[in-house]
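Overview (structure and organization)
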Amino acid sequence: MAEIGFSQVKKRYGGTQVIHGIDMQISDGEFIVIVGPSGCGKSTLLRMVAGLEAISEGEISIGGQVVNDLEPKDRNIALVFQNYALYPHMSVYDNMAYGLKIAKLSRPEIEERVQQAAKMLELAHLLERKPRQLSGGQRQRVAMGRAIVRDPGTFLFDEPLSNLDAKLRVQMRLEIKQLQRSLGTTSLYVTHDQVEAMTLADRLIVMNAGVAEQIDTPMAIYDRPASRFVAGFIGSPAMNFLAGRVGEGGRELRLEQGMPLRSGSLNLGNLAGQPVTVGVRPEHLQVVAEEDAEMHLQVRLVETLGADSLAHGHLVPAEEQPNGTPEDILTLRLPGVARIAEGDRLPLRAAEESLHLFDRESGWRLADV
Amino acid sequence: MIEHRPWLVWLSHGVLLLGVLIVAFPIWIAFVASTHAASDLASGVTPLLPGGYLFENYARALGSGHEASGAVPVSLMMWNSLVMALAIAIGKIAISLLSAYAIVYFRFPFRMLCFWTIFVTLMLPVEVRILPTFEVVADLGLLNSYAGLSVPLIASATATFLFRQFFLTVPDELVEAARIDGAGPLRFFKDVLLPLSRTNIAALFVILFIYGWNQYLWPLLITTDESFYTIVMGIQRMVTVADAEPQWPLIMATTMLAMIPPVFVVVAMQRLFVKGLVETEK
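Residues numbered from 1 in each chain as written. Chains lettered and ligands numbered in written order. Predicted model: local features only at pLDDT ≥ 70, side-chain atom pairs only at ≥ 80, totals over all residues. Heavy atoms only, no water.

**Remarks on the overall build of chain A**
Keep this limit in mind: Numbered from the N terminus, helices here are DSSP runs of H or I no shorter than four residues, and strands are runs of E no shorter than two. Relative accessibility decides the category of a residue: with a 1.4 Å probe and only protein chains considered, values under 20% of the type maximum give buried, values over 50% give exposed, and everything between is partly exposed. By definition in these notes, contact holds between two residues if any of their heavy atoms fall within 4.5 Å. Accessible surface area values rest on a Shrake-Rupley calculation with a 1.4 Å probe, where residue burial reflects the displayed protein chains alone.
Along the backbone of chain A there are eight helices and 21 strands. Here the C-alpha coordinates of chain A stretch approximately 80 × 45 × 35 Å along the principal axes. Expressed as a percentage of the 369 residues in chain A, the buried residues total 52%. Looking at chain A alone, contacts between residues at least 24 apart form 67% of all its contacts between residues at least 6 apart. For chain A, the accessible area works out to roughly 16300 Å², and carbon and sulfur atoms hold 47% of it.

So this is what it looks like as structure tokens:
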């Protein structure tokens with residue numbers, strides 16, 4: 001069992017800084033998911049916790065002990081690799097037992113631990129096989145088994161499911177979650193898949209270009225994204241972003257293409273006259289009667305998924321701005337099979353409290369209306 | 001080939017048979033010659049069918065040898081060759097495994113310089129550096145010794161390069177997994193890298209054994225004592241006897257005997273050898 005602490009953790013490769021100071025406390029038993037696009041530094045951060053990358057600056061502590069100068073084996077961690085990294089010439093049993101043998105555990109103890117983990121992962125009948133005789137899902141289980149037998153204070157997962165097919169991924173995701181619940185081991189999980197991130201995490205770290213843009217529970221991140229990047233990364237299909245401007249006196253919000261949003265009822269005095277990015281999730285747009293509409297969607301493409309339908313198109317500029325260009329693309333998500341055809345013009349209104357305002361320059365969150 | 005043309009099948013088989021004949025015929029002649037009495041061959045007409053002196057000739061070759069050429073029994077020469085070939089093969093593999101391991105997995109000063117220095121020696125085969133090497137070996141007092149026969153041929157750029165290329169294809173994650181499992185560098189080498197290199201080692205062993213067995217020039221230079229003669233150079237000594245008729249049946253018997261160990265090594269290790277050359281799965 002272990003708490004993990006990050007304090008101003010930085011990473012440099014030569015002159016390039018790839019991680020710009022991460023601060024965070026992870027409590028014992030928490031499941032933390034680090035999510036972000038490729039190259040954002042999430043794997044590097046995990047490898048620094050594992051001890052496979054040196055920490056350029058700052059401190060990482062595990063269980064209250066600063067581990068900067070400890071070898072991986074002394075950090076009480078286990079790492080599950082993306083491509084499993086099983087020893088190809090060893091049987092499943094030996095793969096799981098190897099670390100224990102080096103740790104000089106007694107034979108009966110090793111046997112017991114491996115058998116127990118194998119039972120938990122339903123690998124008992126595969127123990128004599130070589131990794132190349134196993135399917136992808138089974139290899140993944142062996143990799144997890146190798147982590148479990150060590151009985152570590154912390155599990156580290158480096159995109160463990162990205163080599164599996166879609167169906168298996170969903171199944172393994174559930175299993176990892178259940179396993180972590182039943183073992184109660186602190187876990188750090190790196191992924192670029194936001195569905196995995198949302199479903200697994202107690203708390204999420206959304207990383208972008210070496211910065212942790214937001215650290216919070218999945219729902220808090222969904223409801224109140226801290227930046228335009230986070231808003232666009234979490235949620236599928238991605239949030240719509242429209243160029244807008246807060247009116248003089250901060251009482252109204254207007255899209256750059258002319259349409260007023262939420263007129264009259266606002267109190268954004270501190271933002272008066274400021275250009276903003278208005279974000280609204282596809283599922284928070286509703287089709288309304290013509291007189292209630294805040295904006296119109298010109299439908300270009302409809303995707304029917306069964307449970308819901310997606311309409312892609314662009315924003316229709318207001319009539320008093322005949323020169324407006326149809327540059328703002330918009331996606332709408334409707335439950336069930338919607339009766340929409342390509343070429344339709346739909347009157348829309350955003351649900352209450354569903355508009356997110358971001359600074360147009362920096363991208364940081366300003367307000368929700 | 002998808003096409004089925006009978007004449008093409010005949011033609012290709014014909015070409016193959018011709019090839020086999022060209023390669024096998026001299027060996028057959030050598031075998032036939034080794035089964036006749038010396039006087040049968042002295043007539044100048046080479047018989048095509050085996051004669052009746054098979055056991056006699058081979059027993060004489062193995063046991064006492066050819067008196068006129070110094071009377072070194074073939075069994076002793078084969079033993080010398082075996083020691084030399086094994087020492088070269090095993091020594092080369094051991095040294096190149098370790099040096100390739102150092103070059104691929106450790107960061108030390110002048111690492112690339114070391115690699116290129118080794119690599120450049122590829123351009124200097126034994127024949128090119130034979131005089132300085134002889135001088136060094138002579139000064140060290142290694143003439144007429146097993147060490148003198150094998151040590152100068154052990155350092156090998158080829159094998160080092162081969163193992164380096166193989167180690168580079170071993171995924172980094174395996175190293176990292178071993179580090180997390182707590183395996184130190186030597187442990188990783190012994191438990192992971194060596195078993196993975198098994199087929200490569202086998203393939204290299206076959207090639208190097210034959211290379212060592214077939215050494216001719218080097219043993220010829222540094223051995224003057226008959227008890228250190230190797231078989232390949234020994235054959236040559238048998239042919240160039242002074243003031244006597246070459247004993248062709250004995251020479252041919254020796255030739256046949258000299259062929260056996262390399263053939264045995266190839267046949268015994270053929271499966272691993274082919275696997276080592278073609279296998280890609282890690």
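**Let's talk about the overall build of chain B**
We apply this condition: Note that the radius of gyration is over C-alpha atoms, with the globule rule given as 2.2 Å times the number of residues to the power 0.38. By the counting scheme adopted, Arg and Lys are positive, Glu and Asp are negative, and His together with the chain ends is not counted. Every charge is mapped to an atom, namely NZ of Lys, CZ of Arg, CG of Asp or CD of Glu.
On a plain count of helices and strands, chain B comes out with 14 helices and zero strands. Here chain B has a C-alpha radius of gyration of 24 Å; the compact-globule value for 282 residues is 19 Å, and the former is much larger. Along the first, second and third principal axes, the C-alpha set of chain B runs to 75 × 65 × 30 Å. Expressed as a percentage of the 282 residues in chain B, the buried residues total 39%. In chain B, the proportion of contacts linking residues at least 24 apart, taken out of those at least 6 apart, comes to 71%. As displayed, chain B has an accessible area near 15400 Å², and 72% of this comes from carbon and sulfur atoms. Counting 15 positive and 18 negative side-chain charges, chain B places the averaged centre of each group 13 Å from the other.

**Some points on the interface of chain B and chain A**
Formally: What gets called buried area is simply the loss in accessible area from a 1.4 Å probe that two parts show on being joined, summed for both. Any carboxyl oxygen of Asp or Glu that lies within 4 Å of a side-chain nitrogen of Lys or Arg is treated as forming a salt bridge with it. Throughout this description, a polar contact denotes any pair of N or O atoms lying within 3.5 Å of each other; where both atoms belong to protein, one of them has to be capable of donating a hydrogen while the other can accept it, and for residues adjacent in sequence the pair is counted only when both atoms sit in side chains.
Chain B puts 17 residues into the contact, and the matching count from chain A is 22 residues. Buried surface at the junction of chain B and chain A, both sides included, amounts to about 1900 Å², of which 60% is carbon and sulfur. Among the residues of chain B in contact with chain A, R179, I180 and D181 of chain B are the three that bury the most area, contributing 38% of the side total. Connecting chain B to chain A are three salt bridges. D181 of chain B is the salt-bridge partner of R150 of chain A, the closest N and O atoms lying 3.5 Å from each other. Put simply, chain B and chain A have eight residue pairs in polar contact (both at pLDDT 80 or more) between them.

**Quick notes on the domain arrangement of chain A**
All names here are of chain A. Rule in force here: Where a domain begins and ends is set by an automatic assignment or by a domain database.
Taken domain by domain, chain A consists of domain 1 (4–232) and domain 2 (237–368). Centre-to-centre, using C-alpha coordinates, domain 1 lies 39 Å away from domain 2. If you look at the interface, domain 1 gives eleven residues, while domain 2 gives 13 residues. Buried surface at the junction of domain 1 and domain 2, both sides included, amounts to about 1100 Å², of which 55% is carbon and sulfur. In terms of surface lost to domain 2, no three residues of domain 1 exceed Y222, R228 and A231, which account for 50% of the buried area on that side.

**Regarding the pairing of strand β14 (residues 275–280) of chain A**
Residue and element names in this part refer to chain A. The criterion, for reference: Paired strands are those between which DSSP finds at least two bridges.
The buried fraction of β14 amounts to five of the six residues, a majority that puts the element mostly inside the structure. Where strand β11 (residues 240–246) lies against β14, six bridges are found, and the strand directions are antiparallel. By the bridge assignment, R245 is partnered in β14 with P275. Pairing geometry for β14 and strand β20 (residues 356–359), over four bridges, is antiparallel. Bridge pairing links V276 to D359 in β20.

**Here's the deal with the sheet that holds β20 of chain A**
Residue and element names in this part refer to chain A. Ordered by their spatial adjacency, six strands build an open sheet running β13-β12-β11-β14-β20-β21, and the pairing between neighbours is antiparallel. The outermost strands of the open sheet, each flanked by one partner alone, are β13 (260–261) and β21 (365–368). Here β20 runs beside β21; their pairing, made up of three bridges, is antiparallel. Each residue of the ladder has a partner; that of L357, found in β21, is A367.

**Comments concerning the pattern of salt bridges**
For the structure on display, the rule yields 19 salt bridges over all chains. In this structure, E53 of chain A engages R47 of chain A in a salt bridge whose closest nitrogen and oxygen atoms are separated by 3.3 Å. For R47 of chain A, a relative accessible area of 18% puts it in the buried group. Measuring nitrogen to oxygen at the nearest pair gives 3.4 Å for the salt bridge that ties D368 of chain A to R365 of chain A. By relative accessible area, R365 of chain A is classed as partly exposed at 25%. The network of salt bridges with shared partners includes K11, R47 and E53 of chain A together with E176 of chain B.

**Quick look at the sheet that holds strand β3 (residues 31–35) of chain A**
Residues and elements named next belong to chain A. Filter applied, for reference: Axis angles are defined between N-to-C directions and span 0 to 180 degrees, where every axis is a line fitted to C-alpha atoms and, for a helix, only to the segment in contact.
Pairing within the open sheet is mixed, and its six strands lie in the order β6-β7-β8-β3-β9-β10. The sheet is open, and its two edges are formed by β6 (77–80) and β10 (211–216), each paired on a single side. Here the strands of the sheet are splayed against their neighbours by 15° on average, with no regard to which way each runs. Relative to strand β8 (residues 186–191), β3 runs parallel, the two being bridged by five bridges. Bridge pairing in β8 places V33 opposite Y189.

**Points about the packing of aromatic side chains**
Here is the rule we go by: Two aromatic rings, drawn from Phe, Tyr or Trp (for Trp, its six-membered ring), form a pair once their centres lie within 6.5 Å of each other, and the interplanar angle then sorts them: stacked below 30 degrees, edge-to-face above 60, tilted otherwise.
This model, assessed by the stated rule, comprises 23 aromatic pairs over all chains. For the ring pair F241 of chain A and F358 of chain A, a centre distance of 6.1 Å and an interplane angle of 65° mean the geometry is edge-to-face. With F241 of chain A in strand β11 and F358 of chain A in strand β20, this residue pair connects regions lying 117 residues apart in the sequence. An identical accessibility class is assigned to F241 of chain A and F358 of chain A; each is buried. For the ring pair F115 of chain B and W116 of chain B, a centre distance of 5.3 Å and an interplane angle of 65° mean the geometry is edge-to-face. Given the relative accessible area of 4%, F115 of chain B is considered buried.

**A word on the environment of V299 of chain A**
Counting through the fold element by element, V299 of chain A comes out in strand β16 (residues 295–304). When its relative accessible area of 4% is taken as the criterion, V299 of chain A is described as buried.

**A word on helix α6 (residues 130–139) of chain B**
All names here are of chain B. Heads up, the condition is: It is the directions from the helix axis to the C-beta atoms whose arc is reported.
Among the residues of α6, those classed as buried are I130, T133 and V137. Down the axis of α6, the sector holding all buried residues measures 65°, keeping them to one side. Of the exposed residues in α6, those oriented more than 90 degrees away from the buried face are L131 and D139. Next to the buried residues of α6 lie α7 (146–150) and α12 (217–222).

**Focus on the nonpolar core**
Keep this limit in mind: As used in this record, nonpolar core signifies buried Ala, Val, Leu, Ile, Met, Phe, Trp, Tyr and Cys residues forming a set joined through side-chain atoms within 4.5 Å.
Counting residues in hydrophobic clusters, the biggest one holds 85 residues, and the most contacted among them are F6, L45, I60 and L188 of chain A together with F167 of chain B. The dominant element in this core, judged by the number of residues it contributes, is helix α4 (residues 74–105) of chain B, at eleven residues. With near-sequence residues (within four places) excluded, F167 of chain B lies in contact with L97, A100, Y101, V104, Y105, L193 and S197 of chain B. Grouped together as the second largest cluster of nonpolar side chains are 44 residues, V80, V114, A143 and V230 of chain A included.

**Points about the side chain of S309 of chain A**
Considering the arrangement of structural elements, one finds S309 of chain A in strand β17 (residues 308–316). The contact partners of S309 of chain A, leaving out residues within four places of it in the chain, are E303, T304, L332, R333, L334, G336, V337 and A338 of chain A.

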